[in-house]
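Chain by chain, the residues run as shown.
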Amino acid sequence: MRYVVVDTWNGQGYSSENGVDLRFFWTKAEAESVAKHDASMYENLQRYVDDKAISFGYDIDDDNGSYQVLELKDDTYAIMIRANVNEVDLLSEVEYNSKIQEFESEDIDTSPNGDVYIGGVDDYDYQFRLLHNTFI
């Protein structure tokens, strides 16, 4: 199994900064150690665990971010980040295409590599990072 550490941020400039520093690890322990180390530079470090991720959240003034450890599945195609709430989901290609299709009437900003940003939909801003872009 492989693990990914996803960086999220919901402060100044968050719309373009989520998931720009994705890192991959073979072990959960190594990924968790790096995520904790990176988040420990910031104030009010909190560790959260749920059925999706191990998260290390932090605050900077009125803004906050996180480093999240998620287990990659064999069919993981994209990473979806709800930027303004620091939430992360891993999507298969079918799930990704379905999600993008939901937003077809929205203003979609697609980068040259295919990553997608969609702002202001149902109180969320979405950042999609395509996994294959991280291995190029």
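See the structure above.
Scope of this entry: the structure provided in the associated data block. (Residues numbered from 1 in each chain as written. Predicted model: local features only at pLDDT ≥ 70, side-chain atom pairs only at ≥ 80, totals over all residues. Heavy atoms only, no water.)

So, the sheet that holds strand β3 (residues 43-49)
Note the threshold: Only strands that DSSP links by at least two bridges are regarded as paired with each other. We count a stretch as a helix when DSSP gives it H or I for four or more residues in a row; a strand needs E for two or more, and each element gets its number in order from the N terminus. Orientation is described by axes fitted as lines to C-alpha atoms, over the contacting stretch for helices, and by angles from 0 to 180 degrees between their N-to-C directions. Note on definitions: a residue-residue contact is assigned when non-hydrogen atoms from the two residues lie within 4.5 Å.
Taken in spatial order, the five strands of this open sheet run β2-β1-β5-β4-β3, and their pairing is antiparallel. Strands at the two margins of the open sheet, each flanked by one partner only, are β2 (23-25) and β3. On average, adjacent strands in this sheet sit at an angle of 20° to one another, irrespective of strand direction. Sheet topology places strand β1 (residues 2-9) next to strand β5 (residues 63-72); eight bridges connect them, and they run antiparallel. In the sheet register, Val-6 faces β5, and the bridge partner there is Gln-68. Here helix α2 (residues 28-39) sits on the sheet and contacts β1, β2, β3, β4 (54-60) and β5; the angle it forms with β4, its principal contact strand, is near 5°.

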